[in-house]
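Survey of secondary and tertiary structure
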Amino acid sequence: MFENRIKSINNKKMDKNGDFIIYWMQRSIRSSYNHSLEYAIHLANDLKKNLLVIFCFDRKFSEMNERSCYFLFESLKDAEKNLKDRGIRFIVLDSSPLITKILEYSKRSVCIITDRAYLKYLRKIREEVGEKVSVRMIQIESDVVVPIEIASLKEEYSARTLRGKLHKVLDFYLNKDFEYTKYEMNYLDEIKTDFDLEKIHEIIESLNIDKTVRKSNYFTGGENTAKKILENFISEKLEGYSKFRNNPELEYQSNLSPYLHFGNISPLFVAKEISKSEKNRESLEEFLEELIVRRELAINFIYYNQDYDKFQNMTYLWAYETMNKHKNDQKEYVYSLEILEKSETHDEYWNSAQKEMMVTGKMHGYMRMYWAKKIIEWTEKFEEAYEIIKYLNNKYFIDGRDENGYAGIAWCFGKHDRAWNERNIFGKLRYMNSNGLKRKFDIEKYVEKINKL
Ligand code: FAD
């Protein structure tokens, strides 16, 4: 079952006298197409043990704000309902530090099943839990199409070097049926949850988090919404994806990134649904290139380069050399974080992109590149620009703090890219300007669209 996705986090024994099997849900907040969940159900039926699904919420996690918390709790609410429909108890525990409650509950468990994550603090938490519990802990990789070590055993240089490796095995993963298992044991009604997910508003009110980053009125979390967004994308936008996806004044991207970030939808499920569609071949292929090659390149980067979030070690030597050479170049505009955050630069296209992010919690993909490149152009030091981009990205995007975000930011500093003709300020880093926006699409329409938000 689920070849190449299963890995033991420790070598401890299962406690056959334990009351239940725990699936500690962390990365994959969904009830369907979730390999970890299906594995846990299978094991519960086999061992004739009940299954308890747990999510631990750390109210002191410093990067949380109103926007991300709403999305998270909406995601948890869908998961709770859908798991209940499958006869499985789901509880959300108030746990600071995060691992406290999982350690407590593990004392009554047979073993712990969890999903796989790649960011370093999430890897560390899993290792720590594995060390501290007295039972077996098993991790299942549920949020990539091709398991990371199957794709490659090293950090890849670019999409070109990873693409061939992925394509060699892709058919196997895309054509393999996903095995659903009916849960045959009991619903653990007596085990109490710490949060009433019917009362999300009250929960958020009670949290001591940054409430200046307001809830998005454009994106609601949860797997039920994620599936509707995918269906709508396939029927309304996929046909035109290859032609229009880079046009920010139009709506041809899928908008799935927040849902992939919170694990509300499986990338494997998305890839299979897209592959089945009868739409324009070019669009299908381009979408799968983004979803599989680009996304899994980002994961490869984060997994094999633990300095993915540090300016000093996230990009290539040629990029550091060129940045060093141009570090004292004269800049026409220099903006503080405060001016940038308020969208008050001289460039109305940039201000619109910033506003899109501030208001909706997402930004069109093409504008993300322009937005970050301009911050490099308008900041005294490359390192400072890196920190500002990362800060804004992770604060305002619902899909922030994601492998794709760290890779996208690093790309602006040469990672996975090539050296270009040398020029002022950027050196050999790729440069973008507003004439490019005017030439490629109707950028004024984008400004108009954002002004109406
Ligand atoms: P679609 O075009 O519909 O693509 C479908 C899926 O393919 C996306 O959801 C995503 O998983 C994947 N994908 C698309 N483009 C890329 C890409 N360039 N790299 C890797 N995967 C991709 N993405 C995030 O998820 N979170 C971020 O915080 C983030 N920050 C970024 C910052 C910068 C400076 C840059 C240049 C890119 C960033 N991206 C980030 C990558 C990309 O812009 C978004 O994934 C994409 O715009 C999401 O919108 P969508 O789901 O509608 O995309």
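Conventions adopted
- Residues numbered from 1 in each chain as written.
- Predicted model: local features only at pLDDT ≥ 70, side-chain atom pairs only at ≥ 80, totals over all residues.
- Heavy atoms only, no water.
- Salt bridge = Lys/Arg side-chain N within 4 Å of Asp/Glu carboxyl O.
- Helix = DSSP H or I, 4+ residues; strand = E, 2+ residues; numbered from the N terminus.
- Buried < 20%, exposed > 50% of the residue type's maximum accessible area, 1.4 Å probe, protein only.
- Pairing = 2+ DSSP bridges.
- Axes fitted to C-alpha atoms, helices over the stretch in contact; angles between N-to-C directions.
- Contact = heavy atoms within 4.5 Å.
- Domains from an automatic or database assignment.
- Buried area = accessible area lost by both parts, 1.4 Å probe.
- Polar contact = N/O pair within 3.5 Å; in protein donor to acceptor, adjacent residues only side chain to side chain.
- Nonpolar A, V, L, I, M, F, W, Y, C, P; charged D, E, K, R; others polar.
- Patch = residues over 30% accessible without salt bridge, like charges linked within 9 Å, V, L, I, M, F, W, Y side chains within 5 Å.
- Areas by Shrake-Rupley, 256 points an atom, 1.4 Å probe, with all protein chains shown as cover.
- Lys, Arg positive; Asp, Glu negative; His and termini not counted.
- Charge placed at Lys NZ, Arg CZ, Asp CG, Glu CD.
- Expected span 1.5 Å × (residues − 1).
- Phe/Tyr/Trp six-rings, centres within 6.5 Å; stacked < 30°, edge-to-face > 60°.
- UniProt positions renumbered as here; feature names shortened; annotations may be inferred.
- Near = heavy atom within 4 Å.
- pLDDT = per-residue confidence, 0-100.

For the rest of this paragraph, the subject is the pattern of salt bridges. Within the structure shown, the criterion is met by 33 salt bridges. Among the salt bridges present, the one from aspartate 94 reaches arginine 59, with a minimum N-O distance of 2.9 Å. In this pair, aspartate 94 is assigned in strand E4 (residues 89–94) and arginine 59 in the loop between strand E3 (50–57) and helix H2 (66–85), connecting sequence segments 35 residues apart. Linking glutamate 74 and lysine 215 is a salt bridge whose minimum nitrogen-to-oxygen distance equals 3.7 Å.

What follows concerns the environment of glutamate 3. Residue placement: glutamate 3 occurs in the segment before strand E1 (6–8). The partly exposed category is assigned to glutamate 3, whose relative accessible area is 37%. Separated by 144 residues in the primary sequence, glutamate 3 and proline 147 have C-alpha atoms spaced 9.3 Å apart.

Turning our eyes to something else, we now look at the sheet that holds E3. The 6 strands lie next to each other as E1-E6-E5-E2-E3-E4, forming an open sheet whose pairing is mixed. On the outer flanks of this sheet lie E1 and E4, each paired with one strand and no other. Across this sheet, the average inter-strand angle for adjacent strands is 25°, counted without regard to direction. In terms of strand pairing, E3 meets E4 through 6 bridges, oriented parallel. Residue pairing for E4: isoleucine 54 is matched across the bridge by isoleucine 91. Contacting E1, strand E2 (20–24), E3, strand E5 (109–115) and strand E6 (136–140), helix H1 (residues 35–47) runs over the sheet at an angle of about 160° to E5. Strands in contact with helix H4 (residues 120–132) are E2, E5 and E6; relative to E6, the strand with the most contacts, it is inclined by about 155°.

Let us now look at the domain arrangement of the chain. By a widely used convention, the size of an interface equals the accessible area lost when the partners come together. When cut into domains, the chain gives domain 1 (1–142), domain 2 (144–178 + 222–304) and domain 3 (311–451). A straight line from the C-alpha centre of domain 1 to that of domain 2 covers 25 Å. The interface is formed by 28 residues belonging to domain 1 together with 31 residues belonging to domain 2. Roughly 2600 Å² of surface becomes buried between domain 1 and domain 2 when both sides are summed, with 54% attributable to carbon and sulfur atoms. Counting the surface domain 1 buries against domain 2, the share from its top three residues, Tyr33, Phe71 and Tyr118, is 28%. For the pair domain 1 and domain 2, the interface holds 22 residue pairs in polar contact (both at pLDDT 80 or more). Only H1 and H2 provide two or more residues apiece to the side of domain 1 that touches domain 2. Broken down by element, the side of domain 1 that touches domain 2 gets its largest block of residues, 8 residues, from H2. For the side of domain 1 that touches domain 2, the residue count by class is 8 nonpolar, 10 polar and 10 charged.

A grouping of Glu348, Asp442, Glu444 and Glu448 is seen on the molecular surface, where their side chains present a negatively charged patch. Mapped onto the elements, glutamate 444 comes out in helix H20 (residues 443–451). The class for glutamate 444 is partly exposed, based on a relative accessible area of 38%.

It is worth spelling out helix H17 (residues 382–396) at this point. A rise of 1.5 Å per residue sets the reference length of H17, with its 15 residues, at 21 Å; its end C-alpha atoms lie 21 Å apart and thus fit the reference within 8%. With 11 of 15 residues buried, H17 lies mostly within the body of the structure. Residues Phe382, Ala385, Tyr386, Ile388, Ile389, Lys390, Leu392, Asn393, Asn394, Lys395 and Tyr396 constitute the buried set of H17.

The next subject is the packing of aromatic side chains. Overall, the coordinates contain 30 aromatic pairs when judged by the stated rule. With a centroid separation of 5.2 Å and 85° between ring planes, the pair formed by tyrosine 335 and tryptophan 378 is classed as edge-to-face. Linking tyrosine 335 in the loop between helix H13 (317–325) and helix H14 (337–341) with tryptophan 378 in the loop between helix H16 (365–377) and H17, this pair joins segments that are 43 residues apart in sequence. Note on accessibility: tyrosine 335 and tryptophan 378 belong to one class, buried. Between tyrosine 366 and phenylalanine 441, the ring centres sit 5.2 Å apart and the planes meet at 85°, which makes this aromatic pair edge-to-face. A residue pair is termed long-range when its members are at least 10 positions apart, and tyrosine 366 in helix H16 and phenylalanine 441 in the loop between helix H19 (434–440) and H20 qualify at 75 residues. Take tyrosine 366 and phenylalanine 441: they sit in the same class, and that class is buried.

A separate point is the UniProt feature "domain: Photolyase/cryptochrome alpha/beta" (unreviewed entry) in the chain. The positions that UniProt labels "domain: Photolyase/cryptochrome alpha/beta" (unreviewed entry) are, in the present scheme, residues 19–148. Counting secondary structure, residues 19–148 comes out at 42% helix and 24% strand; the distance between its end C-alpha atoms is 33 Å.

In the vicinity of the ligand there are 25 residues, among which Tyr241, Ser254, Asn255, Asn393 and Asp399 approach most closely. Take arginine 368: an N or O atom from its side chain is 3.4 Å from a nitrogen atom of the ligand. Residue asparagine 393 places a side-chain N or O atom 2.9 Å away from an oxygen atom belonging to the ligand. Here the ligand loses 92% of its free accessible area of 830 Å² to cover by the protein chains. Those elements that provide at least two residues to the shell around the ligand are helix H10 (257–261), helix H12 (281–304), H16 and helix H18 (403–412). Broken down by element, the residue count for the shell around the ligand peaks at 5 residues, all from H12. Looking at side-chain class alone, the shell around the ligand contains 8 nonpolar, 10 polar and 7 charged residues. Of the residues that make up the shell around the ligand, three or more belong to each of domain 2 (144–178 + 222–304) and domain 3 (311–451).

Right, let's talk about the confidence of the model for the chain for a bit. Looking at the chain as a whole, its pLDDT mean stands at 97, while 100% of the residues score no less than 70. Interface predicted TM-score (ipTM) for the complex: 0.99; the corresponding pTM is 0.98.

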